[in-house]
Each structure stands twice: as C-alpha cells, then as structure tokens.
Amino acid sequence: MPDLPLSITRLRTVRDSGRRFQNIGRTGGVMRTVPDHLSGGHRELALGRTLRAAALGGGGALKIRARDVYRTIRRRRHETLVVFLVDASDSMGEGTTSRIALAKGAVLALLRRAYLNRDRVALVTFRDQSAQVQLPPTRSRTLARQRLRRLAIGGATPFAAGLHEARRLIELERRRDPRLQVLLVILSDGEGNVARERGADPRQEVLSGAAALCHKQTSVVLFDTGSQSKDNLLPDIAKVFKVPCHLLQGDSLARLVELIEEGRGSGP
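Residues numbered from 1 in each chain as written. Predicted model: local features only at pLDDT ≥ 70, side-chain atom pairs only at ≥ 80, totals over all residues. Heavy atoms only, no water.

1. Quick notes on the overall build of the protein chain
Regarding its fold elements, the protein chain presents 7 helices and 10 strands. Carbon and sulfur atoms make up 48% of the accessible area of the protein chain, which amounts to about 14100 Å² in all. (Helix = DSSP H or I, 4+ residues; strand = E, 2+ residues; numbered from the N terminus. Areas by Shrake-Rupley, 256 points an atom, 1.4 Å probe, with all protein chains shown as cover.)

2. As for the pattern of salt bridges
Within this structure, the stated rule accounts for 7 salt bridges. The structure contains a network of salt bridges with shared partners spanning R120, E173 and R176. (Salt bridge = Lys/Arg side-chain N within 4 Å of Asp/Glu carboxyl O.)

3. Focus: the packing of aromatic side chains
Scanning the entire structure with this criterion turns up 1 aromatic pair. Their ring planes at 15 degrees and their centres at 5.0 Å tell us that F126 and F159 sit as a pair that is stacked. Linking F126 in strand 6 (residues 120-127) with F159 in helix 4 (residues 159-176), this pair joins segments that are 33 residues apart in sequence. The same class applies to F126 and to F159, which are both buried. Lying across the ring of Y70, R49 places its NZ or CZ 4.3 Å from the centre. (Phe/Tyr/Trp six-rings, centres within 6.5 Å; stacked < 30°, edge-to-face > 60°. Buried < 20%, exposed > 50% of the residue type's maximum accessible area, 1.4 Å probe, protein only. Lys NZ or Arg CZ within 6 Å of the ring centre and 35° of its normal.)

4. Focus: the side chain of E205
With respect to the helices and strands, the residue E205 is situated in helix 5 (residues 202-213). Within the buried core, E205 has no salt-bridge partner, and the shortest N-O distance to an opposite charge, that of R196, equals 5.3 Å. Not counting the four nearest positions on each side in its chain, E205 is found in contact with A160, A195, R196, E197 and A200. (Lys, Arg positive; Asp, Glu negative; His and termini not counted. Contact = heavy atoms within 4.5 Å.)

5. A few points about the confidence of the model for the protein chain
Any region with low pLDDT has predicted coordinates that should not be read closely. For the protein chain, per-residue confidence averages 78 on the pLDDT scale, and residues scoring 70 or more make up 77% of the total. In this model residues 1-28 is a low-confidence stretch, pLDDT under 50, and it forms 56 contacts with partners more than four residues away in sequence or in other chains. (pLDDT = per-residue confidence, 0-100.)

6. Focus on helix 6 (residues 234-241)
Within the sequence span of helix 6, burial applies to L234, I237, A238 and F241. Seen along its axis, helix 6 keeps its buried residues to an arc of 105 degrees; they face one direction. Among the structural elements, helix 4, strand 8 (181-188), helix 5, strand 9 (218-224) and strand 10 (245-247) are those in contact with the buried residues of helix 6. (Arc of directions from axis to C-beta.)

7. Notes on helix 5
Owing to its 3.6 residues per turn, the α-helix aligns residues three or four sequence positions apart on the same side. Here helix 5 is 12 residues long and its end C-alpha atoms lie 17 Å apart, about the 16 Å a rise of 1.5 Å per residue gives. Looking only at helix 5, the buried set comprises E205, V206, L207, G209, A210 and L213. Looking at the buried positions of helix 5, the neighbouring elements they touch are helix 4, strand 8, strand 9 and helix 6. Backbone nitrogen of R203 and a side-chain oxygen of the N-cap are separated by 3.2 Å at the start of helix 5; the cap is D201. (Expected span 1.5 Å × (residues − 1). Polar contact = N/O pair within 3.5 Å; in protein donor to acceptor, adjacent residues only side chain to side chain.)

8. Observations regarding the sheet that holds strand 5 (residues 80-87)
One open sheet holds the 6 strands; their spatial order is 7-6-5-8-9-10, and the pairing between them is mixed. Looking along the sheet, the strands with just one partner apiece sit at the ends: strand 7 (130-138) and strand 10. Across this sheet, the average inter-strand angle for adjacent strands is 20 degrees, counted without regard to direction. Contacts between helix 3 (residues 141-149) and the sheet are confined to strand 6 and strand 7, with strand 7 contributing the most and set at about 165 degrees to the helix. Each of strand 8, strand 9 and strand 10 is contacted by helix 6, which is oriented at about 165 degrees to strand 9, the strand it contacts most. (Pairing = 2+ DSSP bridges. Axes fitted to C-alpha atoms, helices over the stretch in contact; angles between N-to-C directions.)

9. Considering the environment of L259
Along the polypeptide, L259 turns up in helix 7 (residues 253-262). What makes L259 buried here is its relative accessible area of 4%. Separated by 74 residues in the primary sequence, L259 and V185 place their C-alpha atoms 10.0 Å from one another.

10. Focus on unusual backbone geometry
For D128, which is not a glycine, the phi torsion comes out positive at approximately 60 degrees. Mapped onto the elements of the fold, D128 is located in the loop between strand 6 and strand 7. For D128, a relative accessible area of 37% corresponds to the partly exposed category. With a phi close to 60 degrees, K242 is a non-glycine residue in the positive phi region. Within the secondary structure, K242 sits in the loop between helix 6 and strand 10. On the accessibility criterion, K242 (68% relative accessible area) is exposed.

11. Topic: the packing of helix 5 against helix 6
The N-to-C vectors of helix 5 and helix 6 enclose an angle of 25 degrees; their axes lie 9 Å apart at closest approach. Taken as axis vectors, helix 5 and helix 6 run roughly parallel relative to one another. Both helix 5 and helix 6 take part in a crossing whose hand is right-handed. Together, R203, V206, L207, A210, A211 and L213 of helix 5 and D236, I237, V240 and F241 of helix 6 make up the contact between the two elements. Its residues assigned to classes, the contact of helix 5 with helix 6 comprises 8 nonpolar, no polar and 2 charged. (Parallel < 35°, antiparallel > 145°, perpendicular 65-115°, else oblique. Left-handed = near helix turned anticlockwise from the far one by under 90°. Nonpolar A, V, L, I, M, F, W, Y, C, P; charged D, E, K, R; others polar.)

Following this line, the structure appears as structure tokens:
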C-alpha cells in the first residue's frame, strides 16, 4: 500500500452515509471522504474513516490495507464580496446620527466578520458630479479606517455614476473569479439628479444602471436614507432588483448590519 502522510487533520463528523462522510473542519469548509482510488490525487488522509474501514476488516491485529485508505476532499468555499454603494451627497450628513456614519460603521462591522467568512468589503461613493472607489476590495480594517476617515460628503446626487462605478468594480473582480458571490448594499436618498451623459434623463440612467447590475450571483440590499422628495427613485429601483427597500431613518448600526446579513442569499 502507498505510504501514508504523517499530518493528521482533526475532523468533526456530521453525516455518515455508509459509503462516504461529510465533515466540517475548523475552517468551516465542507469536505467529504472517498476511497483512495477515487480521490483523484488528493493526498490528505481521512484518518478516522481509514481506521474504521481497517477495523471492519477484522482479523485480530489492526492492519491497514490499500482498500482501507480514505482521502479527504475539501470543497472550496467561494468568497463573497460585499460592495457598499453609498450616497455621499449633502443629505447623508443630516440627522442625529448621520447616514454616512452608519455606512462607515457597517463597513467596519462587516470587516470584523470577514476573517471568519473569507469575505472582502469594498466601498464606492457618489457625490457632486462623480463616483469613486473609496475602498478597494479588502479584509483590512486598518486600511478601511484610513480611507473612511478621509471620506467627504456634499453636493448633488449622481446616482447613475455610482451604479456604473459599482458595476465596473464588480465586473473586474468577477473576471478574476467568475464564481464570485456579490452582496451589493446601496444607501441613498434616491434623488439621482445628475446624469452621466450630457442631455440624458437622470431617472432613466439610474434605472438602466440598476438593471445592468442584475446578476444571478449578486444579491442586493437597498436602504432609503429618509428622503421626503417626490423624485425618490428607490421604489422603482427596488422593483428592478426585486428586493424590498428598507427605510434607514432612525435605525441603529446594529439594525443596519442585521438587515445586510439577512440580505445574503437574496437576489434579483
């Protein structure tokens, strides 16, 4: 029989189907064990399953034969990229607790969980006449704090530019990993009063930009920061994404993060 590796991974058995097992390791990844000849070259020994197979062979002293050897196959967990698309216009600084402060807090709160979920967080803002990637995809809380500290607010609401920049960022990341899961979190007053193209209708640009972001691997959580404007586009954007629109006015950071976590797995 082939030489067995010396390294042993501790596993917690979740299910035993008689022919193969599925387990959860310390990293949280789902794995299964298969006979050595079906392992496709995987070399990690499934020690518990191997010893059990050898014991079932009987014959007194425990002997591990080639047919008793099982290998562990780990199923790669695909990461999620959480993209915050945040309106940084004048209205985001209003209220007892400014909306931009809630957005900053949510970014940092989700980064604290990123090391457990293998997720990354990015921040795109739009204000005045344009949109910018303020925080490229990262798991670094230090980098996030540095970028968020310098975040400015003010000016009009170029919503269409923000949607376009978010789509550009997501498409770039998806080229690197086509199986990437994206959670897009949008916080805005929904006015969308600046067009990307000269002479274009800002409203139509926003709705077209939202439609372009619809993807089977993209979930969306939409927050209305409490605008009373009759030009609020968020109800129509919610219809495009086929998701509810949450009113953020007066909400706490804990509630904001809770709603974002609930949004995982939903999508257009």
